[in-house]
Amino acid sequence: FSQLPGWSVRPDGSIVIATGNDDVLGVYRCTPYNSYGTAGESQPTRVLLKDPPAFTVRPKEEYFQEVGRDLVIPCAAHGDPPPAVTWVKVGSAGKSSAQVDGNSSLIFRPLVKEQHGVWECTATNQVASVTTATSIHVLGTSPHAVTNVSVLPLLLAANISWEPGFDGGYFQRFSVWYTPLVKHPPRAHHDWVSLSVPVGAQHLLVENLRPDMSYQFSVLAQNKLGSGPFSQIVTSVPRGRRGPMLTTVPPEPPAMTMRVFLSPPQALTANETVRGVLLQWEPPAQFSVVLSGYALELRQDKGGWEVLDRSIPSTKTQVLVPGLIKDAFYEFRLVALAGSYISDPSNTVNVSTAGMEVYPSRTQLPELLPQPVLAGVIGGICFLSVAVIFSTMAACIMNRRRATRIQKRRQGRSWLAGC
């Protein structure tokens, strides 16, 4: 082995080859022996060289595409044996609606807001695995939630800072929302106070807070298309004033910061039925507070999001949506509620009523009618009502006049008969 660079034999008889090349190919046998001789050689073993995966086509570092359009991202690799190529979204626990074609390219058809983020392409065979990443920026959407919200307790105040999320391709502004935590609130849902953040700032000082009372803080991002989801809620206690007798006051406990976990509902799906569209979902995977229910949001034809139903019980995992109008495009999403806590929205499902039956809108969804159509319906009903009233009055007047003429004729005939 001294003539083969990089080859060595361990005390247990194993061969160590530092660098594999064509010289190591072949059949090997091992013969153990000692001072008494040998019992024979081992069975033969064959050494083969296999190539680890290597990318032949790599995706670009970044892709920018409008929401609703198609996007194809290539990725290809070779090796011996041929590697399997897979795609995964970093930080995503559930399945993605993206597809992979026969060339291992990632296909979005169409691209949606939830697919924004970092995606990894991994090539794997029996030898090794290699990974490359790309960032997808979905333009033309509302902002994404801010991250890393932190609260610094101050004297009767708190300083809130955060890292902005993607702006959706438009200028975004922020607002800080806060509310005190009261042990026995006067009503079920206490009010939140919002403060606008100066343009370009990523922090805000909230003053005039009550000492030794817990407050909840959250940050909301907005752009020209609407509001993004609220950030994760952070609870903190501002510091209070110290009295003049410092020696008699016990040391102030450190302010505690507690993070509340409430993940969004999972796997929202939509199915057409004879009575309407049936939405089904799975409960949040993680929540550190008691789940109190769900709120259903929708928007029509890429308009603004509206709350359709905010009182869905926490025990339900499906809801029927009747009253959709024909030839319209709807989007639905769900948020989980836990008292005053609100989760991020679930995945969005799209429903198109083109070619579908028109569902009767007599129960829950009068607001789904466009305002011009609703105004026309109301106007038509009022016009018909007035026409019926006038027709009834005219018929009554005509009947009275006719009865009066008949009575006069009868009285004239009676007078002639008396003569």
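Predicted, not measured: the structure shown is a model, and the values here were computed from it.

Reading guide: rules and limits
Residues numbered from 1 in each chain as written. Predicted model: local features only at pLDDT ≥ 70, side-chain atom pairs only at ≥ 80, totals over all residues. Heavy atoms only, no water. Helix = DSSP H or I, 4+ residues; strand = E, 2+ residues; numbered from the N terminus. Buried < 20%, exposed > 50% of the residue type's maximum accessible area, 1.4 Å probe, protein only. Contact = heavy atoms within 4.5 Å. Areas by Shrake-Rupley, 256 points an atom, 1.4 Å probe, with all protein chains shown as cover. Polar contact = N/O pair within 3.5 Å; in protein donor to acceptor, adjacent residues only side chain to side chain. Pairing = 2+ DSSP bridges. Axes fitted to C-alpha atoms, helices over the stretch in contact; angles between N-to-C directions. pLDDT = per-residue confidence, 0-100. Core = buried A, V, L, I, M, F, W, Y, C linked by side-chain atoms within 4.5 Å. Patch = residues over 30% accessible without salt bridge, like charges linked within 9 Å, V, L, I, M, F, W, Y side chains within 5 Å. Salt bridge = Lys/Arg side-chain N within 4 Å of Asp/Glu carboxyl O. Lys, Arg positive; Asp, Glu negative; His and termini not counted. Charge placed at Lys NZ, Arg CZ, Asp CG, Glu CD. Disulfide = S-S within 2.5 Å. Phe/Tyr/Trp six-rings, centres within 6.5 Å; stacked < 30°, edge-to-face > 60°.

Peer 1: If you had to explain the overall build of the protein chain to someone new, which residues and values would you point to?
Peer 2: Within the protein chain one finds one helix and 30 strands. Every one of the 419 residues in the protein chain was classed for burial, and the buried ones make up 31%. A fraction of 61% describes how many contacts in the protein chain between residues 6 or more apart in sequence connect residues 24 or more apart. As displayed, the protein chain offers around 26,700 Å² of accessible surface, 55% of which is attributable to carbon and sulfur atoms.

Peer 1: So what's going on with the side chain of Glu-331? Which residues, and what values?
Peer 2: With respect to the helices and strands, Glu-331 occurs in strand β28 (residues 329-338). Exposure remark for Glu-331: the relative accessible area of 5% places this residue in the buried category. Among the polar contacts listed, one links the side chain of Glu-331 to the side chain of Arg-299, at a separation of 2.7 Å. Apart from residues lying up to four places away in sequence, Glu-331 is in contact with Glu-297, Leu-298, Arg-299, Lys-302, Trp-305, Thr-348, Val-349 and Asn-350.

Peer 1: Describe the sheet that holds strand β23 (residues 266-272), with residues and values.
Peer 2: Pairing is antiparallel in the open sheet, where three strands are placed in the order β23-β24-β27. Edge positions in the sheet fall to β23 and β27 (318-321), since each has one partner strand and no second. For this sheet, the mean inter-axis angle between neighbouring strands, taken without regard to orientation, is 20 degrees. By the bridge criterion, four bridges tie strand β24 (residues 277-282) to β27 in an arrangement that is antiparallel. Note on β27: the bridge partner recorded for Leu-278 is Leu-320.

Peer 1: Lay out the confidence of the model for the protein chain with the relevant residues and their values.
Peer 2: Per-residue confidence for the protein chain gives a mean pLDDT of 80; residues scoring 70 or more make up 82%. Long-range and interchain partners of residues 243-258, a stretch whose pLDDT sits below 50, account for 16 contacts in this model, where long-range means more than four residues apart. Long-range and interchain partners of residues 360-370, a stretch whose pLDDT sits below 50, account for 22 contacts in this model, where long-range means more than four residues apart.

Peer 1: Tell me about the sheet that holds strand β18 (residues 203-206), and name the residues and values.
Peer 2: The strand order β14-β15-β18 describes an open sheet built from three strands, whose pairing is antiparallel. Only two strands of the sheet have a single partner each, and these edge strands are β14 (147-154) and β18. Averaged over neighbouring strand pairs, the angle between their axes works out to 15 degrees when direction is ignored.

Peer 1: Which residues make up the nonpolar core, and what values go with them?
Peer 2: If you look at the biggest cluster of nonpolar residues, it comprises 23 residues, and the most contacted ones within it are Leu-279, Leu-296, Tyr-330 and Phe-332. Contributing elements (two or more residues each) for this core: β24, β25 (293-300), β26 (306-313), β27, β28 and β30 (349-352). For this core, the leading source of residues is β28, giving five residues. Apart from residues lying up to four places away in sequence, Leu-296 is in contact with Leu-279, Glu-306, Val-307, Leu-308, Asp-309, Ile-312, Val-319, Val-321, Phe-332, Arg-333 and Leu-334.

Peer 1: Residue-level account of a positive patch on the surface, with values.
Peer 2: Taken together, the side chains of Arg-401, Arg-402, Arg-405 and Arg-409 make up a positively charged region of the molecular surface. Here Arg-409 shows up in helix α1 (residues 371-418).

Peer 1: Break down the environment of Val-138 for me, citing the residues and quoting the values.
Peer 2: With respect to the helices and strands, the residue Val-138 is situated in strand β13 (residues 129-139). Judged by its relative accessible area of 0%, Val-138 falls in the buried class. A sequence separation of 30 residues divides Val-138 from Gly-168, and the C-alpha atoms of the two residues are 6.5 Å apart.

Peer 1: Which residues make up the pattern of salt bridges, and what values do they have?
Peer 2: Enumeration according to the criterion identifies five salt bridges in this entry. Here Arg-333 ties to Glu-297 by a salt bridge, and the two come within 2.5 Å at their closest N and O atoms. With Arg-333 in strand β28 and Glu-297 in strand β25, this pair connects stretches of sequence that are 36 residues apart.

Peer 1: An account of the state of the cysteines is requested, with residue identities and associated values reported.
Peer 2: Taken as a whole and judged by the stated rule, the model has one disulfide. Note that Cys-75 is cross-linked by a disulfide to Cys-121, the S-S spacing being 2.0 Å. Residues Cys-75 and Cys-121 share a disulfide whose torsion about the S-S bond is about -90 degrees; that sign makes it left-handed. Remark: Cys-121 occurs in strand β12 (residues 117-124) and Cys-75 occurs in the loop between β7 (71-73) and β8 (76-80); sequence separation between them is 46 residues. Cys-121 carries the same exposure label as Cys-75, and that label is buried.

Peer 1: I'd like a rundown of the environment of Gln-65, residues and numbers included.
Peer 2: Tracing the chain through its elements places Gln-65 in strand β6 (residues 62-66). Placed 47 residues apart in sequence, Gln-65 and Val-112 show a C-alpha to C-alpha distance of 10.0 Å. A polar contact is formed between the side chain of Gln-65 and the backbone oxygen of Asp-70, at a distance of 3.2 Å.

Peer 1: Lay out the packing of aromatic side chains in plain terms, naming residues and giving numbers.
Peer 2: A complete count under the given rule lists nine aromatic pairs for this structure. Consider the rings of Trp-177 and Phe-230, whose centres lie 5.4 Å apart with planes at 85 degrees: the pair is edge-to-face. Taken as a pair, Trp-177 in strand β16 (residues 173-180) and Phe-230 in the loop between β20 (226-227) and β21 (234-236) lie far apart in primary sequence, 53 residues in all. Centre to centre, the rings of Tyr-215 and Phe-217 are 6.3 Å apart; their planes meet at 35 degrees, and the pair counts as tilted. Pair check on accessibility: Tyr-215 and Phe-217 agree, each one buried.

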